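Secondary and tertiary structure notes
Residues per chain are reported as follows:
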Amino acid sequence: MAIPNFPANARTSLYNTYDLYPEGDAALDTAQWGALVNAINANVPSGKSCDVRIRDNALSLKLSTAVDTDGSQAFNRSVNIYGETRNSRIEFTDGYNINFGGYYNPIDLAATMPADIVRGTMSAIAARTSRFTAPVGPTPAKDDWLLLWSADDLPITEVAPHIPPGNKWGITMTGTGGTYTVTINGNTSAAINWNDAVATIQTKLEGISGVGAGKVLAGGTSGFYYITMIGTLMVGTNTISVSSSLTGGTVTVGADIRGKQRSAELHRVEYAKSGTYVLDGFLVDPLTTTPSFAKIGMFKNCSMRRLTIGSTGVTDAESDAHVNWLSVQRCLGFRMEDVRVDETGAGGVSMQLCADSYISDYSGTGHFSNHINYALIVGVCNNVVYQDSVWHNTRHIITTGGMQKSSENIRYGTPRNCAARNLDAHISGTPYNNRYSAMSSMDLHAEGWGFEFRDCRVFLNMWHDETSSEESGHGFSTRARNTHFINCKVESNLSQVQPVVSPWSGWYKNLDKAFRIMANDATIEGCTVDGCWRGVWIREDIESTIFRPCRTKVRRCTFKGVSGPIVQADVTGTDAVEITGNIAENCAHYYA
């Protein structure tokens, strides 16, 4: 049976062994793992690190949230976890995750925050500056890491993506008969039947006086759908109400559900002297009224290597949420190498408040029983690189995310200067509930700035939806500003909504864009597209931020067998799209 042993002394170079059942036992293994974590936290001096070696266990170390329910088993010391061989395997039975840092959301600074996260305030700072003076609270020193953020929404006049107030709502309809109407800005729609399809609802909304085609978008299902004001109506404040003649239920309109964007960036103090401080780079977004900062105690040189990762215990139901197996937070110089996710369905890796870190040879083949998971989420980080990895059958092999306040639909944060290099995504999407969950193989959300994709490839990206024409299935997609795609390739980007009947029906008509651009200052350079519907699709981000992308550059790319335009701009008032030095072979159109 398992024997609970503990480190004998903080100076001991080799700790005692924690024995495990050969076939794995979640209850016993998790308790042993927790004893190990707690012993490390109690005995390793602050600022020091230790090694955890997982032996060749073949049938895995099994960890369970049912045993550790309060999150206490999180490392708060620097730790290097490595396998004795590739057969050193960790399996997660029900969503358990290994946690470096143990603090999930420094934006919601609570009284119980760790002692090495100290909050202060500072004066407003404009975007594109890096100098500040006279902070109130902890005194920053050279090489300290600071999280800086502002509680104010970024104004639409800034370069940050943003939804203005009064532009997006949710409509909930529970009726089983009858009709209802929607009133926008004082004008009322034609009667909407309780069972009208969303496309019909959109047509009736466009028929409202003062709205019109290209000014409103409906998305979702007839029972619950979003109304989003777009085009020239997206820049103002709109009003909405509903009136019911339904039977068997009601119709209600929810509060304004715009996704708000607020500043949050991680910076190192480059210079500190006589009350003047200079950051390691300029602020991407402004810090406006009474911004805050937190001095972050970083864990240095944590790592994971030579391991196999097994199931997180989630099912393949579409309703199941993304689950991480590893949360890496407040780490400086984190390294992960030679880690495989096996076919039993593990979750992803989330990085938050990390800097100068890289992940290499983190791959998964035949992977995920839960196909809506992501391989890697990069949060509010600075200089994180993901490289030299291959994935099959997952939704996104990389994406970005901010730190979201749980009580509000607000996104904080901007990952800065991060990169993906030499990544391969194959057959991105595996069926569940008769659908494919490919979406975009490599996808950046609105949180992000200066992200670079270099020498990345997407092969046979697929989306199969037998009932819906929802637009998904892109090779690369970005809603983050200043994204660069260098020497990337998309090959055989297909969808299968219906069999091909004519060149403009079926899958030619619906999905399959190699690059979807929904943010400012994107550059696509030296890339190859071989077989898809559109090469580069520039469009307003109607999904999260309602922002018109400007200044897209498509340079020295090669497009082959594109059945539609190699570049298409579906936006109002596109500014300065540059298309130079490209080669088109067997393509239908150059630009639309």
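The notes below deal with the structure included here. (Residues numbered from 1 in each chain as written. Predicted model: local features only at pLDDT ≥ 70, side-chain atom pairs only at ≥ 80, totals over all residues. Heavy atoms only, no water.)

Some words on the overall build of the protein
- From N to C terminus, the protein includes three helices and 50 strands.
- If you take every contact in the protein between residues at least 6 apart in sequence, the share linking residues at least 24 apart comes to 75%. (Helix = DSSP H or I, 4+ residues; strand = E, 2+ residues; numbered from the N terminus. Contact = heavy atoms within 4.5 Å.)

A few points about the environment of Ser78
- Note on placement: Ser78 falls in strand β3 (residues 78-83).
- A C-alpha to C-alpha distance of 8.1 Å links Ser78 and Phe100, two positions 22 residues apart in sequence.
- At a separation of 3.0 Å, a polar atom in the side chain of Ser78 contacts the main-chain carbonyl oxygen of Lys300. (Polar contact = N/O pair within 3.5 Å; in protein donor to acceptor, adjacent residues only side chain to side chain.)

Details of the nonpolar core
- By size, the foremost hydrophobic cluster in this structure holds 77 residues, and its most contacted members are Trp33, Phe100 and Phe515.
- Among the elements that make up this core, the one with the highest residue count is helix α1 (residues 26-43) (four residues).
- Grouped together as the second largest cluster of nonpolar side chains are 21 residues, Ala218, Leu233, Ile240 and Val251 included. (Core = buried A, V, L, I, M, F, W, Y, C linked by side-chain atoms within 4.5 Å. Buried < 20%, exposed > 50% of the residue type's maximum accessible area, 1.4 Å probe, protein only.)

Some words on the environment of Cys302
- Locating Cys302 in the fold gives a position in the loop between β20 (299-300) and β21 (303-309).
- The spatial distance from the C-alpha of Cys302 to the C-alpha of Val79 is 5.1 Å, given a sequence separation of 223 residues.

Details of helix α2 (residues 198-206)
- When we look at burial in α2, the residues that qualify are Val198, Ile201, Gln202, Lys204 and Leu205. Taken down its axis, α2 places every buried residue within 165 degrees of arc, on the same side. Along α2, exposed side chains directed more than 90 degrees from the buried face belong to Ala199 and Thr203.
- At its buried positions, α2 is contacted by β10 (177-184), β12 (192-193), β13 (216-220) and β14 (224-229). (Arc of directions from axis to C-beta.)

A look at the pairing of strand β44 (residues 534-539)
- Among the six residues that make up β44, six are buried, leaving the element largely enclosed by the rest of the structure.
- Bridge analysis of strand β41 (residues 513-517) against β44 gives four bridges, and the strand direction is parallel. Considered in β44, the bridge of Phe515 is made with Val536.
- Here β44 pairs with strand β47 (residues 565-570) via four bridges, running parallel. In the sheet register, Ile538 faces β47, and the bridge partner there is Ala569. (Pairing = 2+ DSSP bridges.)

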